[in-house]
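Read off the chains here:
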Amino acid sequence: MTSEAIKISGHYTAGQQWTPAQENTIAVYSPLDGALIGAVPIATPDTIDQVVHNASRAFVAWSATPLKERVQVLFRFKTLLEKHGSELANLIQLENGKTWAEAKAEIDKGIEVLEFATSLPQIWDQGVLEVSTGVSCQYERFPLGVVLSIAPFNFPAMVPMWTIPIAIGCGNTFILKPSELVPLTAVRLAELFTEAGLPRGVFNVVHGARETTEYLIDHPGIQALSFVGSTKVARLVYQRAATLGKKALALGGAKNHLVVVPDADPEITAKNVVASAMGCAGQRCMAASVLILVGDTGNILDKIVAEAQKIRVGEDLGAVISSAAKARIEGYIDRAEAAAYNILVDGRGASVAGKEKGTYVGPTLIEGVPAGAECACDEIFGPVLSVLRTNTLDEALAIENSNPYGNAASIYTTSGAVARYFAERASAGMVGINIGVPVPREPFSFGGWNESKFGHGDITGMDGVRFWTKLKKVTTKWTASAAQNWMS
Ligand code: NAD
């Protein structure tokens, strides 16, 4: 592809794409085969000022539009997402590298959040109470203004959809800063919003990387922001926003533990553990990364190995996002080998015929790993599972509890009492029992604990409504003289 042929997907504002002539661009490559698939401009401060201006203007009318009318746009958008589901899955697969089924599944999860947002008129919790004779207090919920959402590479549609429908349903106008590695899906979502009848300027996309994001966070016209990405950046973004007095919620990385006890069902456990660790090539914040076998778990590990070996790279397992990610992940495996841990299944050097420039890492299982090893502690964000052993469930819980993250933790058992014991003690916001990716289904909210989240509340469900709105408390007293009005 010559440089002239590269398709540039612009920022999106005022109901259309916009590529300012003076801006530099970032090339977008497909992890599937390394092909150049597009480019996006890098927003300068002037561009951001203009987009924030557009969103501020749109806020006036959008926030004054009745909630029941606002959600009509979301209903139409849902129909369009369903109609264009295959096309969107193709695009997500192309720019992210995951399998088509995984790409389609993230749209379906996005639709679930959208469905929650369409029910906002039914769940709007504006309470009113007579607090003393003739005096009532009532809550009124207001949107915040122009809000920002900063997204990671691993879910080009689903993570943005955690926030967009709820935030705009609540009456805010919205700027999405997608990951510069996967910026194309965001533009397509914006086009579909316009087709659904969303007024111009309500939903905007701004492209760029760190500098663009920092300028957006600091912009006085932006009232609040959500962030999803690595813990290192989540902490920085949260602190930056908090220093400016802005409302912020920043979701970070994870290191999720799966615990298998002797009474676990071997078949269910083996399939589920492998699906959790290897799905989306391990690039999801809910992926299992540490497996702890408690006591004598029989042949469960052999079954897990067999399941992992069945996986066909390039068919059941997609690519990792970049050659840098592949090198980083394989570096962890190299060092585990050098430390004399047992590489039971080795995904290094994986490639797919005809797609030699694709960035693939095969399923990897590392056994004999001590609790303090780097592969047992760092977020590797690849299809790599470190296997540890303990004698007791309390020892396993101690390992899980001591990790700084807190997104997910799961146990495999056939005992209700053991499951309950684990659920009460795991230090994670989302706990699974015989489920390795315990993503709550809406209306249950998504959110981790500890260093997997900075800020208060969860990102979806009613917490999303609380985050993207502010409450006014109106106290009313009607006196007898007030009855002497023009009607008397
Ligand atoms: P990342 O932190 O590198 O980037 C996320 C976003 O922040 C991108 O849009 C990027 O352009 C921007 N950014 C990067 N550096 C920045 C800086 N210094 N200041 C401001 N903005 C900056 O994350 P990633 O590699 O795109 O995504 C993978 C990470 O996201 C993993 O750690 C994963 O666990 C995490 N994640 C967490 C959740 C969750 O719900 N907790 C969900 C999905 C992904």
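The residue numbering used here restarts from 1 in each chain and proceeds along that chain's sequence as written. Only residues with pLDDT of 70 or above have their local features reported here, since the model is predicted, and side-chain atom pairs are shown and tallied only from 80 upward, although totals for entire chains, interfaces and linings are computed over all residues. The basis for every side-chain value is the complete set of non-hydrogen atoms in the structure, without hydrogens or water.

A. Examining the environment of P143 more closely. A run of H or I in DSSP becomes a helix once it reaches four residues, and a run of E becomes a strand once it reaches two; helices and strands are each numbered from the N terminus. Inspection of the secondary structure assignment puts P143 in strand 6 (residues 135-143). Look past the residues within four positions of P143 in its chain and what remains in contact with it is F59, S63, C170, G171, N172, W468, T469 and K470. Residue contacts are defined here by distance: any two heavy atoms, one from each residue, within 4.5 Å place the two residues in contact.

B. Here's a closer look at the sheet that holds strand 13 (residues 288-294). Strand order in the open sheet made by the 7 strands is 14-15-16-13-12-17-18, with mixed pairing throughout. Every other strand in the sheet has two partners, leaving strand 14 (342-345) and strand 18 (430-433) as the edge strands with one partner each. Taken pair by pair, the neighbouring strands of this sheet meet at an average axis angle of 20 degrees, ignoring direction. Each pair of strands is called paired provided DSSP finds at least two bridges between the two strands. Pairing of strand 12 (residues 256-260) with strand 13 involves 5 bridges; the strand directions are parallel. Bridged to V259 within strand 13 is I292. Packed onto the sheet, helix 10 (residues 266-278) meets strand 12, strand 13, strand 15 (364-367), strand 16 (384-390) and strand 17 (408-412) and runs at close to 130 degrees relative to strand 16. Lines fitted to C-alpha atoms define the axes, with helix axes restricted to the stretch in contact, and inter-axis angles between N-to-C directions lie between 0 and 180 degrees. In the packing of helix 11 (residues 300-310) onto the sheet, the strands contacted are strand 12, strand 13, strand 14, strand 15 and strand 16, and the crossing angle to strand 14 comes to about 60 degrees.

C. Representation of the packing of aromatic side chains within the structure. Ring pairs shown here join Phe, Tyr and Trp side chains whose ring centres sit within 6.5 Å, with only the six-membered ring taken for Trp; geometry is labelled stacked below 30 degrees between planes, edge-to-face above 60, and tilted in between. Following the criterion strictly, the structure yields 8 aromatic pairs and no others. A centroid spacing of 3.6 Å and a plane angle of 10 degrees characterise the contact between F77 and F193, whose relative ring orientation is stacked. Of this pair, F77 sits in helix 2 (residues 67-83) while F193 sits in helix 7 (residues 184-195), and the two are 116 residues apart along the sequence. Take F77: its relative accessible area is 0%, and that puts it in the buried class. Summary of the burial criterion: residues with accessible area below 20% of their type's maximum are buried, those above 50% are exposed, and those between are partly exposed, where the area comes from a 1.4 Å probe applied to protein chains only.

D. Geometry of the domain arrangement of the protein. What counts as a domain boundary in this text is fixed by an automatic or database domain assignment. In terms of domain boundaries, the protein breaks down into domain 1 (11-253 + 448-472) and domain 2 (256-433). For domain 1 and domain 2, the distance between their C-alpha centres works out to 31 Å. On the domain 2 side, the residues contacting the 22 residues of domain 1 number 28 residues. Buried area is calculated as the accessible area (1.4 Å probe) missing from two parts once they are joined, with the contributions of both summed. When domain 1 packs against domain 2, close to 1900 Å² is buried across both sides, 60% of that on carbon and sulfur atoms. Looking at the side of domain 1 facing domain 2, the largest losses of area belong to P31, F153 and W449, adding up to 23% of the total buried there.

E. Representation of the site of the ligand. Close to the ligand lie 28 residues; A151, E180, S230, G252 and E379 are nearest. Pairs of N or O atoms within 3.5 Å make up the polar contacts considered here, provided that, within protein, one atom can donate a hydrogen while the other can accept it, and that residues adjacent in sequence are counted only when both atoms are side-chain atoms. The side chain of N407 places a nitrogen or oxygen atom 3.5 Å from a nitrogen atom of the ligand. Note that accessible areas follow from Shrake-Rupley with a 1.4 Å probe, and for residues the cover is restricted to the protein chains shown. Relative to its unbound accessible surface of 850 Å², the ligand loses 89% to contact with the protein. Charged means Asp, Glu, Lys or Arg here, nonpolar means Ala, Val, Leu, Ile, Met, Phe, Trp, Tyr, Cys or Pro, and polar covers whatever is left, Gly included. For the shell around the ligand, the per-class residue count stands at 16 nonpolar, 8 polar and 4 charged. Residues from two domains meet in the shell around the ligand; each of domain 1 (11-253 + 448-472) and domain 2 (256-433) gives at least three. Residue proximity to a molecule or strand is established when one non-hydrogen atom of the residue lies within 4 Å of it.

F. Summary view of the side chain of T469. Residue placement: T469 occurs in strand 20 (residues 469-477). The class of T469 is buried, set by a relative accessible area of 2%. Side-chain polar atoms of T469 contact the backbone oxygen of V465, separated by 2.5 Å. Filtering out sequence-adjacent residues up to four positions away, T469 remains in contact with W124, R141, F142, P143, L144, C170 and K247.

G. How the structure looks around the sheet that holds strand 20. The antiparallel open sheet is built from 3 strands, whose spatial order is 5-6-20. Taken across any chain shown, the strands that pair with only one partner, and hence form the sheet edges, are strand 5 (128-132) and strand 20. On average, each strand axis in the sheet is inclined to that of its neighbour by 30 degrees, with strand direction left out of account. In this structure, strand 5 lies alongside strand 6, joined through 4 bridges in antiparallel fashion. Each residue of the ladder has a partner; that of E130, found in strand 6, is S136.

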